[in-house]
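Residues per chain are reported as follows:
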Amino acid sequence: MLNDGSSSYDELPYSDNCFYYTHPDHMATVAALHGLSPSAVERCRVLELGCAMGGNLIPMAIKFPDAQFVGIDLSARQIGVGRPVVEKLGLRNVDLRAMSIADVDDRLGRFDYIVCHGVFSWVPAPVRDKILAIFAENLAPEGIAYVSYNTYPGWHARGLARDLMAFHVRNATELRDSVQEARAFLTDLVEVIPDQSTAYSAILRAEGEFLSGVDDTYLYHEHLEETNNPLYFHQFMSAARAKGLDFLAEAKTPGLISHLPQEARERIEQWGKDEVAREQYVDFVTNRTFRRTYLCHEGAKREGAPASSAVASMCVGTLIMPESTDPDVLSDSPETFRVSDQGATMTSNHPLLKTALVELSRARPRLLPFDILFDRVWARLKPRHGDLPEPEQARRFLCDSLVRGFAVDLISLNVHPPSFTVEPGDLPVVSPLARLQAEQGERFTNLQGRTVEPEPFDRIVLQLLDGTRTRSQVVETIKARVASGELSISDGDEQPVGDAATIDLAIQTEFEVSLRRLTAMALLIA
């Protein structure tokens, strides 16, 4: 093992990402579904423990200018990178501090939401205890805390690969060199195992395939740091309850009991006599490696299962589109809806749900208040009113269906919908955060708090959409860059195009396509 403490994060900073499930709006939505009433997100106070460069807090602060956001991190380098971004964006509601979690006390005050992502399993026991103490002492009475951590049983197999790689690079002196050596070693090790049919070989091969898709910072901080302490869910909850905290829900959905096969659900109900035990058995069944858990104060009034009635006061959106260009919503025939970039699907033959998904997909990326959505659905299904449930029963059915879609991250529910435009106008304006991120990396945070990955040409376009140029001026600017040789236009065979008329037409056409993509990604300011 190499460095510990803040030094490894100074030398190899973690990717500065945004996690929508730590967003106060998402946390408030889940809380409302479980019967809690946290403070209004528009004026909430949020604390993030281990905020890195502020990439998670900054999008929240942009959406809620009247809320207050405090982020602390032990790495002075990462805080030093984040502060100029805050200043450049003109944010007055973000406070990034280089400080230790151990130094947090009541002087910071109470927070409606506390976030701790990617820290708990990677710090010593006294700091883990302090994190839970902060939740207990600095969380408002109706507040929600989020914490992520590595879990058994899944980490038993993952930990095997970690131990082998850590031994191999034990004498390495450079962090990035150790990452490359660890990758190569695991690949070579799998190749020379004599019996490729063993469970041992299968475990290491699967881990090698997983690690081939992650970046250097993730591999180092997850597998080569000195400290990494997975634990069973019941052990985590024992420590949380000792601080007066209780389980609210999982923030992200893989491994939910409601999505397991019926036989597995029935066995878990037999084995587990309380909620924590049942959640633990879910981990056993799914071999979970990682949890993202919402906690609340013990004794907070909460529902054990999501209360779909709360959906009626929320706004609804969808991440899926119908596979058919002309979906049949009036009949009982099944229709499939798909997330284009991930391939996840939802199939239904119920007219109410099919119609709702079609209406939501047509509204994308906008969200619709539930009442408006239901009115549209009911009006469109007028020919079927005679054999559909009564309106109130139909509303309950649709609420239940939307909650199930929300649980698998195919439906968006929001107590406070994000503000963006789907009508760019002649002076389109992209979020200043996205324009800044375009200078630094491949991924962007949209105005819904989600990560999106625009096409290469989109990166050029969005940097020009600052509200000072009309559409035609943006096109002319791009043409001038092509004429100067700064940019080039290629045909379908990747050959440079030299004809001026062809270039002009290609730029105009691609600009309009790009603008539609950026709009659909919720990157344009209203």
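Residues numbered from 1 in each chain as written. Predicted model: local features only at pLDDT ≥ 70, side-chain atom pairs only at ≥ 80, totals over all residues. Heavy atoms only, no water.

(A) Here's a closer look at the pattern of salt bridges. Inspection of every chain in the model, using the stated rule, returns 24 salt bridges. Arginine 97 is the salt-bridge partner of aspartate 95, the closest N and O atoms lying 2.7 Å from each other. Residue aspartate 95 is classed as partly exposed on the basis of its relative accessible area of 28%. A salt bridge links arginine 395 to aspartate 371; the shortest N-O distance between them is 3.1 Å. Placement of the pair is arginine 395 in helix 15 (residues 391–407) and aspartate 371 in helix 14 (residues 370–380), with a sequence separation of 24 residues. A cluster of three or more residues bridged by salt bridges with shared partners is formed by Glu250, Glu279, Asp283, Arg288 and Arg291. (Salt bridge = Lys/Arg side-chain N within 4 Å of Asp/Glu carboxyl O. Buried < 20%, exposed > 50% of the residue type's maximum accessible area, 1.4 Å probe, protein only. Helix = DSSP H or I, 4+ residues; strand = E, 2+ residues; numbered from the N terminus.)

(B) Examining the packing of aromatic side chains more closely. Summed over the entire model, instances satisfying the criterion amount to 14 aromatic pairs. Ring geometry for tyrosine 281 against phenylalanine 284: centres 5.7 Å apart, planes inclined by 80°, an arrangement best described as edge-to-face. In this pair, tyrosine 281 and phenylalanine 284 are both assigned in helix 12 (residues 275–286), three residues apart and thus about one turn of the helix distant. For tyrosine 281, a relative accessible area of 26% puts it in the partly exposed group. (Phe/Tyr/Trp six-rings, centres within 6.5 Å; stacked < 30°, edge-to-face > 60°.)

(C) Here's a closer look at a nonpolar patch on the surface. Side chains of Trp271, Phe284 and Val285 sit close together on the surface and give an oily, nonpolar patch of about 290 Å² of accessible area. Mapped onto the fold, tryptophan 271 is located in helix 11 (residues 262–271). Residue tryptophan 271 is classed as partly exposed on the basis of its relative accessible area of 42%. (Patch = residues over 30% accessible without salt bridge, like charges linked within 9 Å, V, L, I, M, F, W, Y side chains within 5 Å. Areas by Shrake-Rupley, 256 points an atom, 1.4 Å probe, with all protein chains shown as cover.)

(D) Representation of the pairing of strand 11 (residues 345–348). Here strand 11 shows a buried face lined by Met346 and Ser348 and an unburied face lined by Thr345 and Thr347. Here strand 10 (residues 335–338) runs beside strand 11; their pairing, made up of four bridges, is antiparallel. Counted as the bridge partner of phenylalanine 337 is methionine 346 from strand 11. (Pairing = 2+ DSSP bridges.)

(E) Inspection of empty space enclosed by the protein at higher detail. Overall, the coordinates contain one cavity of 30 Å³ or more when judged by the stated rule. Reported here for the largest cavity is a volume of approximately 170 Å³. Lining the largest cavity are 13 residues, and of these Tyr20, Asp25, Asn414, Gln448 and Arg450 lie nearest its centre. Every element with two or more residues in the lining of the largest cavity is listed here: helix 2 (24–33) and strand 13 (411–414). Broken down by element, the lining of the largest cavity gets its largest block of residues, three residues, from strand 13. When its residues are assigned to classes, the lining of the largest cavity shows five nonpolar, five polar and three charged. (1 Å grid on protein atoms, 1.4 Å probe; cavity = no way out; pocket = protein on both sides within 12 Å on 5 of 7 lines; lining within 4 Å. Points joined across faces, edges and corners; volume = space filled by probe spheres on them. Nonpolar A, V, L, I, M, F, W, Y, C, P; charged D, E, K, R; others polar.)

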